[in-house]
Protein chains: 2
Amino acid sequence: MEEDKVSKSLEALARVEDEVEKAERETEFLRLKKLSAVYLNRKEAIAGIPGFWKVVLSQHSDFANYVRAADLKYIDCISAIEVTWLCVEDEKADHRDFTVTINFDAIDGDFESQTVSKTFRIEHDVSKFIYRSKRTEEDDLRDEELGFLTSTPTEIKWPKSFDGINPSLVTDKTTSEGKRNYRTGMKSFFSWFKWTGLKPGKEFPNGDGLASLISEDLYPNCTKYYTEAQIDLEEENVDEDDESDEPLQLESSDGEPEDCDGKQKSVKRRKV
Amino acid sequence: MEEDKVSKSLEALARVEDEVEKAERETEFLRLKKLSAVYLNRKEAIAGIPGFWKVVLSQHSDFANYVRAADLKYIDCISAIEVTWLCVEDEKADHRDFTVTINFDAIDGDFESQTVSKTFRIEHDVSKFIYRSKRTEEDDLRDEELGFLTSTPTEIKWPKSFDGINPSLVTDKTTSEGKRNYRTGMKSFFSWFKWTGLKPGKEFPNGDGLASLISEDLYPNCTKYYTEAQIDLEEENVDEDDESDEPLQLESSDGEPEDCDGKQKSVKRRKV
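Owing to the predicted nature of the structure, the values given are computational and were not obtained by experimental measurement.

Asks: Which residues make up the interface of chain A and chain B, and what values go with them?
Replies: Counting from both sides, the interface comprises 39 residues of chain A and, opposite them, 39 residues of chain B. For Lys34 of chain B, the salt bridge goes to Glu26 of chain A, with nearest N and O atoms at 2.7 Å. Here chain A is connected to chain B by 10 residue pairs in polar contact (both at pLDDT 80 or more). Sorting the residues of the side of chain A that touches chain B by element identifies α1 (2–47) and α8 (222–236) of chain A as the ones contributing at least two each. In terms of residues, the side of chain A that touches chain B owes the most to one element, α1 of chain A, which gives 29 residues. Its residues assigned to classes, the side of chain A that touches chain B shows 20 nonpolar, six polar and 13 charged.

Here it is in structure tokens:
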């Protein structure tokens, strides 16, 4: 009798956990819906601040871990980043599904201006993995329960200067040089756009980490990173006795004077 | 002209951050409202599971860091924990304000059964600190901006066995023994109920840490901890070839056979 009661209570407790999950899911949906509206206003404000995303991407200490030093020149060409959550338009979508859209400015003769979108979706079916050699049974159990991030490959135009490592142009994969070039190209930020999440060890490394970094941190907190960068600049210049309104030269990430579309790379010292 | 536009955009960006904060605050309020309703159902389910909170409190690895080993006997007397968020009843309250209510069972001749509630509120006025010797300027700046947790002292009946260290009974604070007893008592879980948050170094240490641990982790995730404990028990017994329904003796935290109200301290092996 007592045991029966305990048994029933444990079943009730399991049902309550489902209710908790539902409440969290509904709240997250409302949160993303509210934030998406606010982010539209933010997009408009950011459009009036030259070099905003360049400052944000330089300020974020983790972002640089996902890109090669040679990529930074093209990262500096990023003029806009936008994240949209699929559930805002389609209530049936997992609230963790999202699309990242990135605008690149051109570099004359080397790199075309373009807008590239890549969609990431949560998957639970571990049989979809194409390469399994690096996966353990624990990986499968965890991914089946919590889900894992996947994405379909997206086209992006690589810079001409990367022709030697562009994986779709490296035809000779038998020589050690060919292999090295191919592997170098796979680690480029440009290969992230081909990332599927289903070929661990055979594609851009930790592509889900970069996607989550953008959707969970860099995009929601971009104003914080921009403000931090401006404060850092102010502190660096506090001894200079120069309180005039002259534009401050931002450090170029690769020391090269070249810049996308020849736009100024200076940002005024200012607190947001 | 260009500068004027940037200036306006930065102002717009600052306004957007206020909108983001508002959206987050509104969502958190809705979340707590939804969850509070679900937690009422959970409370009912938990009431039918003997020893639920004892199992949860033993399973949570951090909780033990906040209590002395000698307290554990009385921690085992906790028959119910409830957290309620003030904003659910009063929309003007900070969504981080909450009340913890704890029910204790009695131990004959030593400890009275009682229900004790303690309310925690976010404060921003750092001039309220009574002892400031341990605080830095950075502490003040951070606490003014983000707020800090405070609480009014609440009465709790201490066990008789703690008379020697009960701070309100230790009258002799001049001898080294008196001082030692007083300090030992201040570190007891029972002194947490007197914690104000305004006397750093002079009251229960890290009282806000314990409050947050209960409100942000232990209470929301209690079912997870209970389930983990049951799985651990199953794994410990997997070799025993004993799949019968016999009750499993839970390890007593202090090795004493004594138990609150003489209730059984066994919990059935069961998955939630």
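Continuing now.
Asks: Could you give me a rundown of the pattern of salt bridges, with the residues and numbers involved?
Replies: In total, this model carries 31 salt bridges over all chains according to the counting rule given. A salt bridge links Glu82 of chain B to Lys43 of chain B, with the shortest nitrogen-to-oxygen separation between them at 3.0 Å. Of this pair, Glu82 of chain B sits in strand β1 (residues 78–85) while Lys43 of chain B sits in helix α1 (residues 2–47), and the two are 39 residues apart along the sequence. The residue Glu123 of chain B makes a salt bridge to Lys128 of chain B at a minimum N-O spacing of 3.2 Å. Overall, Glu123 of chain B belongs to the buried group, its relative accessible area being 18%. Among the charged side chains, a network of salt bridges with common partners joins Arg132, Arg135, Asp139, Asp140, Arg142 and Asp143 of chain A.

Asks: Which residues make up the confidence of the model for chain A, and what values go with them?
Replies: Residues and elements named next belong to chain A. Per-residue confidence for chain A gives a mean pLDDT of 88, with 87% of residues at or over 70. Per-residue pLDDT stays below 50 along residues 247–257; that stretch engages in 20 contacts with residues further than four places along the chain or on separate chains. In the model, residues 262–272 has pLDDT below 50 throughout and makes 44 contacts with residues more than four positions away in sequence or in other chains.

Each value, and the rule that gives it
Residues numbered from 1 in each chain as written. Chains lettered and ligands numbered in written order. Predicted model: local features only at pLDDT ≥ 70, side-chain atom pairs only at ≥ 80, totals over all residues. Heavy atoms only, no water. Contact = heavy atoms within 4.5 Å. Salt bridge = Lys/Arg side-chain N within 4 Å of Asp/Glu carboxyl O. Polar contact = N/O pair within 3.5 Å; in protein donor to acceptor, adjacent residues only side chain to side chain. Helix = DSSP H or I, 4+ residues; strand = E, 2+ residues; numbered from the N terminus. Nonpolar A, V, L, I, M, F, W, Y, C, P; charged D, E, K, R; others polar. Buried < 20%, exposed > 50% of the residue type's maximum accessible area, 1.4 Å probe, protein only. pLDDT = per-residue confidence, 0-100.

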